[in-house]
Amino acid sequence: MSNTHASGETVECPNLASQPTLKPVDSRKSILGSGLPIIRHLPSRSQRLIGPWCFLDHIGPTDLTTDNAVDVGTHPHIGLQTVTWLFEGALLHKDSLGYEQVIAPGQLNLMTAGHGICHSEESPPGFSGPMHGLQFWIALPAEYEDTPPAFAHHTDLPQWQQDGAEITLVVGELAGHRSPATVFSPLVGADIVATQACRLTLPVPADFELGLCINEGHAELEGETLKTGELYYLGQGRDTLILTLSAGSRIMLLGGEPLGQPVLLWWNFVGRDQERLNQAVSDWQQWPNDRFGEVSAYQGAPLTAPTLDPSVRLK
Ligand code: MN
């Protein structure tokens, strides 16, 4: 997806906490394109990053018809990976490397933007029905921000039962399991589904900064009720999470080691400094070019970068 944030500010994303905490993140409801409701959890004013995760949209739940189909035109990314993970529905990804991939629930689309890529995201032709899922961005560490772009589709992710919950490890590492998806710093993104009410004891790395995104149902952690449609920030320092999950609940555990580096986010670009973001905006304004390539399979108009105010300077 594409960031609609265009307030004229670059979002600076410091990692702040090193202690356990539990607080809801201020999130914003928005509409993408022709009618796709989303909740933008990250970045928010109260929370910029969770580990290396710098962006999180909760897509839907909604019912799509051919009238309000998803159609996010060709747009660029740098310095990040996009993680697309659906609970219901389908999306068709097309990118400048030539990939065309429909994603279904239980599958992972992982796009590494690195030095530069562009892509489009659409409902598959003729698609109608429920749509519900997540899209995350992971900031790449400085030493990998110019890595060559890549795309991978994974259908065989680690999955196990624990204490009555079914856990799918989408990316990273958790409880001795490791996802086959390529990532560039220690992190976790795990989908937890409770088909029945249960109490889940989950070992987690104490040096990971963690968050819990409540996608369906509700959960309880340390006496606090975690509500549907909310993202909670947990800080660092726990080695175990003991979660009470309602029947039918579905939550995403996300986080990782803080990068310990500045992370600047402008529109669909992530970088260490403003010059890098300025260059990406300029390169997209002069698109098509070698940096971003072309999505020859997408027929619609490309997205335009919002104007980056050159007076906005960052430390
Ligand atoms: Mn995108």
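All values reported here derive from a predicted model rather than from experimental measurement.

Applying the stated criterion across every chain, the model contains eight aromatic pairs. Considering the side-chain rings of Y144 and F184, the 5.0 Å spacing of their centres and the 50 degrees angle between planes classify their relative orientation as tilted. One end of the pair, Y144, is in the loop between β12 (129-139) and β13 (150-154); the other, F184, is in the loop between β16 (177-178) and β17 (187-194), and 40 residues separate them in sequence. These aromatic residues form a ring-pair network of at least three members: W267, F269, W284, W287 and F292.

The four strands are arranged β18-β23-β20-β21 in an open sheet whose pairing can be described as antiparallel. In this open sheet, the two edge strands, each paired with only one partner strand, are β18 (198-203) and β21 (224-226). Mean inter-strand twist for the sheet, computed between neighbouring axes without regard to direction, equals 30 degrees.

Counting buried positions along strand β15 (residues 165-174) yields eight of 10 residues, so the element is predominantly enclosed. Bridge analysis of strand β14 (residues 159-162) against β15 gives four bridges, and the strand direction is antiparallel. Each residue of the ladder has a partner; that of Q159, found in β15, is T168. Between the antiparallel neighbours β14 and β15 lie two residues, among them D163 with a positive phi of about 55 degrees. Of the pairings in the sheet, the one linking β15 to β17 comprises seven bridges and is antiparallel in character. For A165, the partnering residue across the bridge sits in β17 and is A194. By the bridge criterion, two bridges tie β15 to β16 in an arrangement that is antiparallel. Counted as the bridge partner of E173 is R178 from β16. In textbook terms, the turn of a hairpin is the stretch between consecutive antiparallel strands, and for β15 and β16 this stretch comprises two residues, one of which, A175, has a positive phi near 50 degrees.

Residue P61 follows G60 across a cis peptide bond; omega there is 5 degrees. A cis amide bond, omega 5 degrees, links W287 with the succeeding residue P288. Secondary-structure assignment places P288 in the segment after α1 (274-285). In this structure, D163 is a non-glycine residue whose phi angle is positive, near 55 degrees. Looking at where D163 falls in the secondary structure, it is placed in the loop between β14 and β15. If you check the backbone angles, A175 has positive phi at about 50 degrees while not being a glycine.

What follows is about α1. Between the first and last C-alpha of α1 there are 16 Å, a value that for 12 residues agrees with the 16 Å anticipated at 1.5 Å per step. If you check which residues of α1 are buried, you get Q274, R276, L277, A280, V281, D283 and W284. Of the surrounding secondary structure, the elements contacted by the buried residues of α1 are β6 (71-77), β11 (117-122), β25 (264-266) and β26 (269-271). Between the side-chain oxygen of the N-cap and the backbone nitrogen of E275 there are 3.2 Å, and the N-cap of α1 in question is D273.

Parameters at a glance
- Starting afresh in each chain, residues are numbered from 1 along the sequence in its written order.
- Predicted model: local features are reported for residues with pLDDT of at least 70 only, side-chain atom pairs are reported and counted for 80 or more only, and whole-chain, interface and lining totals are derived from all residues.
- The basis for every side-chain value is the complete set of heavy atoms in the structure, and neither hydrogens nor water enter the calculation.
- Within 6.5 Å between ring centres, the rings of Phe, Tyr and Trp (the latter by its six-membered ring) count as paired, and their orientation is classed by plane angle as stacked under 30 degrees, edge-to-face over 60, tilted in between.
- Secondary structure is summarised from DSSP: a helix means a run of H or I of at least four residues, a strand means a run of E of at least two, and numbering begins at the N terminus for each.
- Pairing between strands requires that DSSP locate at least two bridges from one strand to the other.
- In this description, a line fitted to the C-alpha atoms serves as the axis of each element, helices being fitted only across the stretch in contact, and the angle between N-to-C directions of two axes falls anywhere from 0 to 180 degrees.
- Think of it in three bands: with a 1.4 Å probe and only protein chains considered, a residue is buried below 20% of the maximum accessible area for its type, exposed above 50%, and partly exposed in between.
- In a helix, the anticipated span is given by 1.5 Å times the number of residues less one.
- Here, residues are in contact when the closest pair of their heavy atoms is within 4.5 Å.
- Polar contacts, as used here, are pairs of N or O atoms within 3.5 Å; protein pairs need one atom able to donate a hydrogen and one able to accept it. Residues neighboring in sequence count only if both atoms are side-chain atoms.

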